[in-house]
Every structure is written in structure tokens, then in C-alpha cells.
Amino acid sequence: MTTAQPQPRLSLRNISKRFPGVLANDRVCLNLYPGEIHAMLGENGAGKSTLMKMIYGVMKPDEGEILWQGLPVDIAEPAQARALGIGMVFQHFALFETLSVTENIALSLPAREARDLKALGRRIREVSERYGMALEPDRLVHSLSIGARQRVEIVRCLIQDIKLLILDEPTSVLTPQEVEGLFQTLKQLAAEGCCILFISHKLNEVRALCHNATILRGGRVTGECKPAEESAQSIARMMVGEDTPISTTYEKRQGGDDFLVVRNLSLDSPDPFGTRLKNINLRVRKGEIVGIAGVAGNGQDELLAALSGERLAEEAGQISMPAGRIALLPPLQRRNQGLAFVPEERLGRGAVPDMSLEENGLLTAFGAGLVKNGFVNWGKTRAFARSIVDDFRVKCAGIGATAQSLSGGNLQKFIIGREIRQNPSLLLAAHPTWGVDIGAAVAIHKALIELRDAGTAILIVSEDIDELFQISDRICAICHGELSPLKAVRDTSIDEVGQWMAGHFDDGAERENAHAQD
Amino acid sequence: MLRIEKRPVESRLMGYLSPVLAAVLTLVSGALLFLLLGQSPAEGLHAFFIMPVSDLYGLSELGVKAAPILLCAMGLAVCYRAKVWNIGAEGQLLFGALIGSWAALQFLHTESAWALPLVLLAGALGGMFWGLIPALLRTHFNTNEILTTIMLNYIALNVLLYGVHGPLKDPEGYNFPESALFSDSTLLPTLLEGTRVHIGVLFALLAVAVVWVLLSRTFIGFQIRVLGLDARAAHYAGYHEKRLVIFVLLLCGGLAGLAGVLEVTGPIGQLVPQVSPGYGYAAIIVAFLGRLHPLGILLASLLMALVYMGGEMVQIELGLPQALTGLFQGMLLLYLLACDFLIHYRVRWGDRAAVTKSAATASQGA
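For clarity, every value in this text was computed on a predicted model and none was experimentally measured.

Attention shifts here to the layout of surface pockets. Residue and element names in this part refer to chain B. Each pocket or cavity is described by its volume, and for the second largest pocket that value is around 520 Å³. Around the second largest pocket sit 19 residues that line it, and His 235, Tyr 239, His 240, Glu 241 and Lys 242 are the ones nearest its centre. Elements represented by at least two residues in the lining of the second largest pocket include exactly α5 (115–141), α9 (231–237) and α10 (241–268). Class assignment for the residues of the lining of the second largest pocket results in 8 nonpolar, 6 polar and 5 charged.

Here you go:
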């Protein structure tokens, strides 16, 4: 539909970018035409982000040319990219929580446009209404939901004369319903002639939204397709290559006796922008996986911290395991009772950035015979780390490599391996495959399923609904610190869980306050 | 054009080279300083760094000076590995000296072989007590240990002055602020006939070995390192932060207290107001100069002891003020901090810098 137009708005010619030890982009070519929504697909480390950063002027290509509306350009910095009409919405928002929407947007504008905040506020209202993105210019950002914050980022791009909008995994933080709204906006923008570059891992979304797709693997363009004409399976195949398994369905289990029991857990968050847990009730059985869906920042972190013992609850009986009531026990004693935990932050919590894998293995696995009489058995510790690296195919320069030298996905494999290897009776895992490539995700899922089949109670918190449906036996959602009903996966639907994520728990009836902050 | 850019990864080489570079810069600046003072730089440096250790007695004095610095610095290194910023080794040393002296004065008329060990133990316990105060203040009231330990240094000094002017003053000492001379049973045996070098040197070397094993082989040492590198990971793994904070401060207090009691029972032989010429502060420089590594600290403590002796020597030989000691210490620390900048940054010439800079930031983002 777009290839008929003669001149591409943006064209990349043989772009190469080299980092020490790796060729991040290898002679990449790409043409974008006005009005086109173009997907950039590829696994982590395929070179998508590098390419986007070069278009947005964050870095410069080593070789090759960028043509903007037919003319070669040298984009030295993001301000120059914005002046050309290129906008980018990053995966991690860059907003000041204590400033208002208008002030945040003013910060990214040239000084003369930012001076009159009233006029800017009017323009923000205008733009947001025009594209169906509800936004209150005077609201402080910390009071906005994640979806609304993303709208701020997008409006920030639209307020200037935008010709190319780059979105880096924009849907990973949204509920299914919010994703719908975003897509409407993007389609409208495209209809008005704006180009959109859309980076995503979610192939069904790409199929629903994008006109064309370019697939990167190992820094090279390995395929182009029209997503609507392909299946998610066939696109995934192009992304990972022929020899990697891409998806499996797992048998659902009933589970045995209750292992983890949470009763009427309410807890304030120490963080002023945190979420208060409200009357959480939850049971996780031996030999089952319970999944908790939800948009980030709805109490997941607080719930996991209360379960892991990093934050103590108010009454001992609020959380119990077969060995007794644990809600007031510190993390170490819970670990001794068989708890293992994969936290959300891999670096800086799940692993010490400056320590080697060997030492990071010891971090939590000290109970597995690695310490005797207060002395570390480094021989055993090394063997332990090596077995994780081998069995979970952690790509690293050896067990002496520091945790921070690993890619996010590989470090995640190491951390999950470390926790699983301790044969826990209860495993808590936050976002087990977030940012992990397809091959590694499959390996992690298999390991979790094996652990479940060995009788471990597993609780998984994730933002990826598809993943939760794939591996969980029972599922619920968390919204504003409240837990939805817990249902067997086969008795519910993505649509219903999506409703729960938005706070509609009782047959569509909206809970009080559920949307108060939206 | 000269540019400064962030290194993609920190340089290990510079980590080791930085103390050496700092020492060299200190020497160069020292030479300039002598020149400005109207002395020959070569002669000045010779008097400062070579003459003090040109004979056996000088070498033995180096050991005498290095031992207390080394003991304090080993304790501080453990604290700093846990990112517990204990500045209080001086106070812990003084309090150890005070309590040790009190104990020694109880043994003025005894020949018992138990006297000396008990005195040393009392000194170490005194130091531990002085280390426990900031530890508990931090674990129970969340106070900043930098402030509390500094304040406690002055309190310890004044308590010591009170003791030496008051209850511990020698009744037959013509009202001089000094305690009675300790009896032979509470004086440290010397290692070499005719020198002042005492068995405290062996304690210091033992401390090096113990701390080395503690940090590299024991689980508690591992926990200390994790706490220092990444407190959230320590919390996640279930390590007891409070207990670790108390442990490192007790350990440092014990070692510094031992250093203090070794001073009064060794080279000094009685309690005097000037027990320490700032050993506890010098040890901070030594700990960082030695990269918080036991072996590095051993070398750095020798250098620092030499600086103390050099200051005395130029006073005697060239008639220059002893304040040069403090000046050299200060330069050493200043240059070390400046050179440490090169661990994370590098200096480049020319235009290619722009390209490599973006590569560096990019590889961090990737």
C-alpha cells in the first residue's frame, strides 16, 4: 500500500555499528514511507535498540548513510532529530514525578515554546483530544497511571510537528484495553501521514497493527514481511532461526495441599509513591504454578517483598507455610524453610553487579553445602556456578565474569538457575522472562514446569499475560494493591484477566477507587 | 585537543597503578616544596625518605611506627569493604590505650605472666567498646557513622586527657600529666636487643593474615563484601545488615584498641597525653592507598610510617618544621583521590574522542 510512493521519508543505507567485541548492526537497510506503521522485530541483542538510537541521534553509525526525505543527514544529537520531526518514546519513561504534565512536556521543548505554560497546556489538551488520549495538563505525573504516563510521552512527541514516531516496546506496560486505545491513536497518526516505527516482542500486536515488518537477527536484516499475512509462529521462526524451539504448550496441573497461605494481608508501602496492599488472600498449592497478572506498580513489588521477608508484615499469621507462621520472620529463616525468590531487579538485588558469577552463586545458595564452619568452600562454589552456567546455557566469558558483564537475559537465566538449584519448596519469581529472548524464555519455562512437576509451589508475577496463560495453572490479577479472584487458567480468558488488571473484579462491576487515579 | 571521557569498564590496571602514581606525584611535589624552602630537593628527599631507614635502628623504628598504623588500617579496611565509613580508629585507639593503661596500673606490683595478656585484652575490649557505640547508634537510631565516629574521636581524646590529668596521674609524678611507669610485667618484650621494636609488630602481621582469610575465605567476610557492594542484594539474600555493621565496627575497634594498648605498653611505657600522632587518621589514608587489600595495606603502612619518620628527620637534619609530615600525608591522599579518577575516566587526544565516547555510552546501554 505504501511502496507505490516514490520517496521514502527515512532511508537507511548499509548502516553498520560496531561495539568492542560485537557488530551490533551489519549493513542494515531500511525504507520508511509516509503513513507507514513499520515493525522492527528481533530478539534481545539483535540490534534493534542500537538502530533506533542512531536514527534518534543518540549515537552515530560507523558506516552507512541516513537519508531524511531523500537528503543525507548527519544526526548528531536527539535535539537535532526532534528538529527534523523525529520523536521517540523509550521503554523507560523519562518523566519527573513531582512536576505536572505540562511542565514535563515543556522541559523537552525549545526555550521559546516552553515559556508560556498556559498556552502549552491548551495545546496539550488540544492534541490529546484530537488523538483520543485523555490527559489532564495540570495533573502531577506521580498521580498518573502507567498508561497515562505513556500518553504524556507520546503527546510530548506529537506537540511538535512529528513526521516519524519511534516506540520502543510501548505495550509491555499496558493492559489489553489500554493497548487497544494506543493502537487507535497510532492508526490515526499514520492515516495523517506520520511514519511509525514500532518495536515489540508481541507478535499478535504487530500483526494487528503494522503494515510492514523488518526482522533483525545478529545485527543483520534477515527478513521482511507483511505481518498481517503471516502467523505469529512464522514470524517468530524468522526471528529466532530454524533450530530454536519457539513455543510449547504445557499440561495444566491441579496441585496438592496448600503450601503458601496468605490471609488478610494489608500493608502500607514505605515508598510515598508505592502501593498499599489491601486485604490480600492467596493460596498456592504444592505442585502448581499460580500466576499474578497486572500492570507494573499495582502492588506486585510490595506483595513479593512481604512474601520474601524483605519487608515484614504486621501479624505473624498473615503469611504461613506448613512449617509455621512466617509473616514476621526475616528472609533468611524463610529461605531455611524452603523459600527461593527471583526478584524483579536482576542487577543490584538478584545479583551483585561487581561480583563474579561464582560469588553471585554463593549469594543465596550458601545453604546448599557451600559453606562449612563459616568457611566458604570455593571449590564447591565454583562447581555450583559452573553447573548453572552449563545447564541453563548462560552465555558468559566464564564463571569469573562479573554479573554486570552479562546481558539481562543471560543473567536472568543464571539467577533462576541458582534459585531452582536449591530445590525450593516455594519459588517466587517476578517477571521470569522479561527482556529474555525466545530461546531462553523457553528454557526458563521448561525449568519452571519441571520444578512444578517435582512438587514445588510456584508463584509468578508477570506483566506478560500470554506467558502467564502458557505456564500458570491458576491465575489472578493485582490492581491498586488488591487481588482479583483466583481462577484455573482453563476456566478464564485473557479478556477476563484484562478486566481484572483494570480493577473490574466482580463480573465487570467496577471496584471503588479502582480507576480513581486514572 | 585534550578530552576526558568515561571508560566503558573501569580499569583494573589503573586501580593498581593509581597508588604508585600518587606516591610518585607526592615525591615530585615534595621535591618542589624543598626547593621553595631553599633546600636542595635531592637532599631533602634523601633526608625524608632514605636517611630514616638507612640503618638497622631506623628499620626497627619503621616497624614500631608501622605496627599501630597497620592494625588500625586492617580494621578500617574491613569496615570500608562493608561501606561502613568508620573514621573513628583514632578514638578507638585512644580509648584502648586508656583502658589498657588503667589495667596496667592495676598490675604495678605483680610479676604474674598473666598481667600482660590481660592488659592487652583490656585495651582491645576498650577499643571494641568505643567501636560498639557508633555501631549501635547506627543500627538503632540510623545515625551517620561518619559523624558519630569523628565526634567520638574527640570524646575519647578528652576522656584520656581527663584520665591522665586526674585519676590515672602518677601520684609521685610531680604533677606532670603522666601515669606511673608500667611495671616490667606489663611491658611488651622487644624483638631485637637495643631497639624499640616489640612483639606488637607480630600482632600486626597476624592481623594482616586474619583479615585476609576473613575477607577471602569466610562466609561472614563474603557477606561483608556483598553488603558493601550492594546492600539491596544483601537484604534480598537475607544477610543481617545490623549484625554485620556491629561486627565490622567491633573488629576495627578491637584492632585499633590493641594498637593503642601496644603503644602504651611498648614504646611509651606509660600513659601520656600524646599516645598517638594521628595514627588512626593516617590509617584511613593507608587503607585506601592499599586498595583495601591486606597486602597493599601492609606496603602502604610502611610508606606511611616512613613519612612519620621522615618528618622527624628533616626537622633534625634540615631544621624544617615537623608539619611536613602532615603535608606529605595530605598530598598522598589528595593525589590518590585525583589518580583514582583515572580508574573510571581516561584522557584522550584528538577528534576521535567523540566517536569513541558515543561507543562507550552505547556499550553501557546495550
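Aromatic ring pairs are defined here through the distance separating the ring centres and the angle between the ring planes. Scanning all chains against the criterion turns up 21 aromatic pairs over all chains. Between Phe341(B) and Tyr345(B) the ring centres are 4.5 Å apart and the planes differ by 5 degrees, which places this aromatic pair in the stacked class. Relative accessible area serves as the criterion here: at 37%, Phe341(B) is assigned to the partly exposed category. Among the aromatic residues, those joined into a ring-pair cluster are Phe366(A), Trp378(A), Phe219(B), Phe222(B) and Tyr239(B). The ring of Tyr236(B) is capped by Arg335(A), whose NZ or CZ atom sits 5.3 Å from the centre of that ring.

The next point concerns the domain arrangement of chain B. Residue and element names in this part refer to chain B. For chain B, the assigned domains are domain 1 (1–39 + 320–366) and domain 2 (67–318). Distance from the C-alpha centre of domain 1 to the C-alpha centre of domain 2: 31 Å. Contacts between domain 1 and domain 2 engage 16 residues on the former and 14 residues on the latter. Taking both sides of the interface into account, the surface hidden between domain 1 and domain 2 amounts to around 1,400 Å²; carbon and sulfur atoms contribute 69%. Across the domain 1-domain 2 interface, the total number found is 1 salt bridge. The shortest N-O distance in the salt bridge between Asp 340 and Arg 291 comes to 3.0 Å. Listed by contribution, the elements that provide at least two residues to the side of domain 1 that touches domain 2 are α1 (12–36) and α13 (324–344). Within the side of domain 1 that touches domain 2, the residues separate by chemical class into 9 nonpolar, 6 polar and 1 charged.

All names here are of chain A. What the domain assignment reports for chain A is domain 1 (10–240), domain 2 (255–338 + 425–518) and domain 3 (346–423). Using only C-alpha atoms to locate each centre, domain 2 and domain 3 end up separated by 25 Å. Between domain 2 and domain 3, the contact holds 17 residues from the first and 13 residues from the second. Summing both sides of the interface, domain 2 and domain 3 together bury roughly 1,100 Å²; the carbon and sulfur share of this comes to 62%. For domain 2, the biggest contributors to the area lost against domain 3 are Arg 335, Ile 444 and Leu 451; these three give 33% of the whole. Put simply, domain 2 and domain 3 have 2 salt bridges between them. Of the charged contacts, one joins Arg 335 and Glu 419 as a salt bridge, the two residues approaching to 3.2 Å between their closest N and O atoms. Our count for the contact surface shared by domain 2 and domain 3 stands at 4 residue pairs in polar contact (both at pLDDT 80 or more). When contributions to the side of domain 2 that touches domain 3 are tallied by element, the ones reaching two or more residues are α11 (331–336), β19 (426–430) and α15 (438–453). Ranked by residues supplied to the side of domain 2 that touches domain 3, first place goes to α15 with 5 residues.

If you look at the biggest cluster of nonpolar residues, it comprises 176 residues, and the most contacted ones within it are Leu265(A), Ile292(A), Val497(A), Val226(B) and Tyr239(B). At 13 residues, helix α3 (residues 56–81) of chain B tops the list of elements feeding residues into this core. The contact partners of Val497(A), leaving out residues within four places of it in the chain, are Ala293(A), Ile465(A), Phe469(A), Ile475(A), Ala477(A) and Thr492(A). Judged by nonpolar contacts, the second largest core, of 49 residues, contains Val101(A), Ala106(A), Cys210(A) and Cys225(A).

Take the sheet that holds strand β10 (residues 220–225) of chain A next. Residues and elements named next belong to chain A. With mixed pairing, 6 strands are arranged side by side in an open sheet as β6-β7-β8-β3-β9-β10. Every other strand in the sheet has two partners, leaving β6 (86–89) and β10 as the edge strands with one partner each. Ignoring strand direction, the axes of neighbouring strands in this sheet form an average angle of 20 degrees. As defined by bridge partners, strand β3 (residues 37–41) adjoins strand β8 (residues 195–199) across 4 bridges and the pair is classed as parallel. Bridged to Ile 37 within β8 is Ile 196. The strands touched by helix α6 (residues 146–158) are β6 and β7 (164–168); relative to β6, the strand with the most contacts, the crossing angle is about 175 degrees. Seen against the sheet, helix α9 (residues 232–240) touches β3, β9 (212–217) and β10 and runs at an angle of roughly 35 degrees to β9.

Thresholds, definitions, all that
Residues numbered from 1 in each chain as written. Chains lettered and ligands numbered in written order. Predicted model: local features only at pLDDT ≥ 70, side-chain atom pairs only at ≥ 80, totals over all residues. Heavy atoms only, no water. 1 Å grid on protein atoms, 1.4 Å probe; cavity = no way out; pocket = protein on both sides within 12 Å on 5 of 7 lines; lining within 4 Å. Points joined across faces, edges and corners; volume = space filled by probe spheres on them. Helix = DSSP H or I, 4+ residues; strand = E, 2+ residues; numbered from the N terminus. Nonpolar A, V, L, I, M, F, W, Y, C, P; charged D, E, K, R; others polar. Phe/Tyr/Trp six-rings, centres within 6.5 Å; stacked < 30°, edge-to-face > 60°. Buried < 20%, exposed > 50% of the residue type's maximum accessible area, 1.4 Å probe, protein only. Lys NZ or Arg CZ within 6 Å of the ring centre and 35° of its normal. Domains from an automatic or database assignment. Contact = heavy atoms within 4.5 Å. Buried area = accessible area lost by both parts, 1.4 Å probe. Salt bridge = Lys/Arg side-chain N within 4 Å of Asp/Glu carboxyl O. Polar contact = N/O pair within 3.5 Å; in protein donor to acceptor, adjacent residues only side chain to side chain. Core = buried A, V, L, I, M, F, W, Y, C linked by side-chain atoms within 4.5 Å. Pairing = 2+ DSSP bridges. Axes fitted to C-alpha atoms, helices over the stretch in contact; angles between N-to-C directions.

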